[in-house]
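Notes for the structure review
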4 protein chains.
Amino acid sequence: MNEIDSLKVEIRAFADARDWEQFHTPKNLSMAVAGEAGELVAEFQWLTAEQSMKSALSAEKLSDIELEIADVAIYLIRLADVLNVDVAEVVRKKLRINEDRF
Amino acid sequence: MNEIDSLKVEIRAFADARDWEQFHTPKNLSMAVAGEAGELVAEFQWLTAEQSMKSALSAEKLSDIELEIADVAIYLIRLADVLNVDVAEVVRKKLRINEDRF
Amino acid sequence: MNEIDSLKVEIRAFADARDWEQFHTPKNLSMAVAGEAGELVAEFQWLTAEQSMKSALSAEKLSDIELEIADVAIYLIRLADVLNVDVAEVVRKKLRINEDRF
Amino acid sequence: MNEIDSLKVEIRAFADARDWEQFHTPKNLSMAVAGEAGELVAEFQWLTAEQSMKSALSAEKLSDIELEIADVAIYLIRLADVLNVDVAEVVRKKLRINEDRF
C-alpha cells in the first residue's frame with residue numbers, strides 16, 4: 001500500500017473508533033480543512049519572510065507549525081477518503097494543467 | 001521513494017523550473033494553503049450535507065472539488081518541503097496526540 | 001440608523017429579493033466568510049510586505065483587494081444579521097477583553 | 001463620525017498603544033483575517049444546519065461565535081484602515097456589481 005493510502009486507512013480507523021463517520025460529511029470536512037488552514041496561516045501572520053524560514057524558527061515554533069501542517073493533512077486526506085479521491089492522482093493531474101498554464 | 005516524497009520532488013521541480021523559489025517562503029506558502037482551502041470550502045458552501053456526498057455530486061462538481069483538493073495538497077506538500085517536515089511522520093505524531101486527547 | 005445596520009438592511013434586501021434565505025444558515029455563511037477570506041489572503045500571497053503597502057499597489061490591484069474586503073464584510077454582516085448579533089457591540093466587547101490580555 | 005469609522009479609530013488606538021503598527025502591514029492583516037475566519041468556520045464545522053441556527057445555539061456557544069465574528073471584523077476594519085479603504089463604500093460598490101450579475 002502506498003503511503004497516502006496507509007495514512008488514509010489510519011485516519012479512517014481513528015474516526016471509526018470514535019463513531020465520527022456521521023460528522024465526516026464532505027461539507028463538514030471541507031470546513032475542518034479551512035479551519036486548520038486558518039490556524040496554520042496564523043502561525044506565520046506576524047513573522048517576516050525571513051523569520052518564517054526554517055533556520056530562523058525556534059524548535060518550539062517549528063513543532064507548533066508541524067502539528068498545524070498535520071491537522072490540515074489529516075482532514076484533507078479524510079475528505080479525499082470520503083469522496084473516494086486519489087490525492088496523488090489529482091495532484092499530478094493539477095500539475096499537468098498548471099504546466100500548460102504557466 | 002515513498003509517494004509523498006515523490007510528489008514533493010515533482011512539485012519542487014515544477015517550482016524550480018519557473019524560478020519560484022524566491023516566492024516560496026514558508027510565510028507565503030502558508031497563505032497559499034489558506035487561499036486554496038478557502039476555494040475548497042467555497043465549493044461546498046451552498047450545498048446541504050446530503051448534496052455534498054459523493055453519490056449526489058455531478059461529475060463536473062466532483063472534478064472541481066478534486067482540483068481544489070489538489071491545490072491545497074500541492075501547497076501543503078511544498079510548505080512541508082521548504083521546512084523539511086516529513087508529512088507522514090507529523091500526521092502520525094498528531095494522531096497519537098489525538099489518541100490521548102479523545 | 002447607524003451605518004452597519006444600514007448595510008445589514010441592504011444586504012438582507014439583496015438576499016431576500018433572490019430568495020437566498022434558505023441558503024443563508026449560520027453554518028453556510030461562516031463558510032462563505034472563510035471562502036472570501038481565502039480570496040483576500042490570496043491577493044497578498046506573493047507580495048512582499050513592502051509590495052502590499054497602499055503606496056506600492058497598482059490601482060487595479062487595490063480595486064481587486066477592495067472588492068475582496070467587501071465580500072468578506074458582506075458575508076460577515078449577513079452572518080451577524082441571521083444570528084442577531086450587533087457587530088459594533090461585540091467588537092467593543094472583544095477590544096475590552098484584549099485590553100486585559102495585552 | 002459614522003460607526004465603522006468610530007470602530008476604525010478605536011482599533012487603531014488599540015494597535016498604536018501597543019506599538020503594533022510595524023506588524024500591521026496589509027499582507028499580515030490579510031493573514032489575520034484568514035486566521036480568524038478559520039476559527040469562525042471551525043465553530044460551525046460539526047453542527048448541522050439546524051444546530052447552527054440562533055434558536056438552537058447555547059448561550060455559551062453563541063458567545064464564542066460572537067467573539068469570532070468580532071475578531072474577523074477587527075482585522076478586516078484594521079486592514080481597510082491601513083489601505084485607506086472605505087468599507088461601506090466598497091460594500092455598496094460590490095452589491096451593485098452583484099445586482100448586475102444575479
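Residues numbered from 1 in each chain as written. Chains lettered and ligands numbered in written order. Predicted model: local features only at pLDDT ≥ 70, side-chain atom pairs only at ≥ 80, totals over all residues. Heavy atoms only, no water.

1. A closer look at the overall build of chain A
- Along the backbone of chain A there are 4 helices and 0 strands.
- For chain A, the α and β elements follow one another from N to C terminus as α-α-α-α.
- The C-alpha atoms of chain A give a radius of gyration of 16 Å, which is well past the 13 Å a tight globule of 102 residues would have.
- Seen through its C-alpha atoms, chain A measures out along the principal axes to roughly 40 × 40 × 25 Å.
- With 102 residues in all, chain A has 57% of them scored as buried.
- Contacts spanning at least 24 positions in sequence make up 70% of the contacts within chain A whose residues lie at least 6 apart.
- For chain A, the exposed surface amounts to about 4,500 Å²; the carbon and sulfur share of it is 48%. (Helix = DSSP H or I, 4+ residues; strand = E, 2+ residues; numbered from the N terminus. Rg over C-alpha atoms; globule rule 2.2 N^0.38 Å. Buried < 20%, exposed > 50% of the residue type's maximum accessible area, 1.4 Å probe, protein only. Contact = heavy atoms within 4.5 Å. Areas by Shrake-Rupley, 256 points an atom, 1.4 Å probe, with all protein chains shown as cover.)

2. What about the interface of chain A and chain D?
- Chain A puts 15 residues into the contact, and the matching count from chain D is 15 residues.
- The junction of chain A with chain D conceals about 1,300 Å² of combined surface from both sides, 69% of it contributed by carbon and sulfur atoms.
- At the junction of chain A and chain D, the tally comes to 0 salt bridges.
- Scanning the region where chain A abuts chain D turns up 2 residue pairs in polar contact (both at pLDDT 80 or more).
- Ranked by the residues each element gives to the side of chain A that touches chain D, the list is headed by helix H2 (residues 26-44) of chain A, at 9 residues.
- For the side of chain A that touches chain D, the class distribution of residues is 10 nonpolar, 5 polar and no charged. (Buried area = accessible area lost by both parts, 1.4 Å probe. Salt bridge = Lys/Arg side-chain N within 4 Å of Asp/Glu carboxyl O. Polar contact = N/O pair within 3.5 Å; in protein donor to acceptor, adjacent residues only side chain to side chain. Nonpolar A, V, L, I, M, F, W, Y, C, P; charged D, E, K, R; others polar.)

3. Some remarks on the relation of the copies chain A and chain D
- Placing chain A over chain D gives an RMSD of 0.0 Å and needs a rotation angle of 180 degrees, together with 0.0 Å of translation along the axis. Taken together, the turn and the small shift mark the pair as related by a two-fold rotation axis. Considering only C-alpha atoms, the residue of chain A closest to the rotation axis is glycine 38 of chain A, which sits at 2.2 Å.
- Most of the interface of chain A is mirrored in chain D, where 100% of its interface residues again form contacts. (Least-squares fit on C-alpha atoms with pLDDT ≥ 70 in both.)

4. Side note on the packing of aromatic side chains
- With the rule as written, the count across this model stands at 12 aromatic pairs over all chains.
- One residue, arginine 18 of chain C, lies across the ring of phenylalanine 14 of chain C, its end atom 3.6 Å from the ring centre. (Phe/Tyr/Trp six-rings, centres within 6.5 Å; stacked < 30°, edge-to-face > 60°. Lys NZ or Arg CZ within 6 Å of the ring centre and 35° of its normal.)

5. A few points about the interface of chain B and chain A
- Tallying the contact residues gives 59 residues for chain B and 59 residues for chain A.
- A combined buried area of about 5,200 Å² lies between chain B and chain A, and 73% of that area is made up of carbon and sulfur atoms.
- Counting across the chain B and chain A interface gives 6 salt bridges.
- Note that glutamate 10 of chain B and arginine 92 of chain A form a salt bridge whose closest N and O atoms lie 2.8 Å from each other.
- In this structure, the connection of chain B to chain A is made through 20 residue pairs in polar contact (both at pLDDT 80 or more).
- Elements with a minimum of two residues in the side of chain B that touches chain A: helix H1 (3-17), helix H2 (26-44), helix H3 (59-82) and helix H4 (87-101) of chain B.
- Per element, the largest residue contribution to the side of chain B that touches chain A is 15 residues, and it comes from H3 of chain B.
- Broken down by class, the residue content of the side of chain B that touches chain A amounts to 38 nonpolar, 10 polar and 11 charged.

6. Some words on the environment of asparagine 84 of chain D
- Its location among the elements puts asparagine 84 of chain D in the loop between helix H3 (59-82) and helix H4 (87-101).
- Sequence-wise, asparagine 84 of chain D and isoleucine 11 of chain D are 73 residues apart; in three dimensions their C-alpha atoms are separated by 14 Å.

7. Some points on the environment of isoleucine 74 of chain A
- With respect to the helices and strands, the residue isoleucine 74 of chain A is situated in helix H3 (residues 59-82).
- When the C-alpha positions of isoleucine 74 of chain A and leucine 29 of chain A are compared, they lie 10.0 Å apart, and in sequence the two are 45 residues distant.
- Among residues more than four places away in sequence, those in contact with isoleucine 74 of chain A are Ile11 of chain A together with Val91, Lys94 and Leu95 of chain B.

8. Concerning the confidence of the model for chain A
- The share of residues in chain A with pLDDT of 70 or more is 100%, and the mean pLDDT across the chain is 97.
- For this predicted complex, the interface score ipTM comes out at 0.97, alongside a pTM of 0.98. (pLDDT = per-residue confidence, 0-100.)

9. Brief notes about the environment of leucine 95 of chain B
- In this structure, leucine 95 of chain B sits in helix H4.
- Excluding residues that lie within four positions of it along the chain, leucine 95 of chain B makes contacts with Glu10, Ile11, Phe14 and Ile74 of chain A.

10. Brief notes about the pattern of salt bridges
- Under the criterion given, the structure shown has 28 salt bridges over all chains.
- Glutamate 99 of chain A is the partner of arginine 18 of chain B in a salt bridge, and the nearest nitrogen-oxygen pair spans 3.2 Å. Remark: glutamate 99 of chain A occurs in helix H4 (residues 87-101) and arginine 18 of chain B occurs in the loop between H1 and H2; the pair is interchain, linking two chains.
- You can call glutamate 99 of chain A partly exposed: its relative accessible area is 45%.
- Residue arginine 12 of chain D pairs with aspartate 81 of chain D through a salt bridge whose shortest N-O separation is 2.8 Å. Of this pair, arginine 12 of chain D sits in helix H1 (residues 3-17) while aspartate 81 of chain D sits in helix H3, and the two are 69 residues apart along the sequence.
- For arginine 12 of chain D, a relative accessible area of 32% corresponds to the partly exposed category.
- Look at the salt bridges and you will find they share partners, linking Arg12, Arg78 and Asp81 of chain A into a network.

11. Describing the relation of the copies chain B and chain A
- When chain B is fitted onto chain A, the two copies agree to an RMSD of 0.0 Å after a turn of 180 degrees and an axial shift of 0.0 Å.
- When the interface residues of chain B are mapped onto chain A, 100% of them are again interface residues, pointing to one common binding face.

12. Some details on the side chain of arginine 78 of chain C
- Mapped onto the fold, arginine 78 of chain C is located in helix H3 (residues 59-82).
- Discounting chain neighbours no more than four positions away, the residues touching arginine 78 of chain C are Ile11, Arg12, Ala15, Asp16, Glu21, His24 and Leu29 of chain C.

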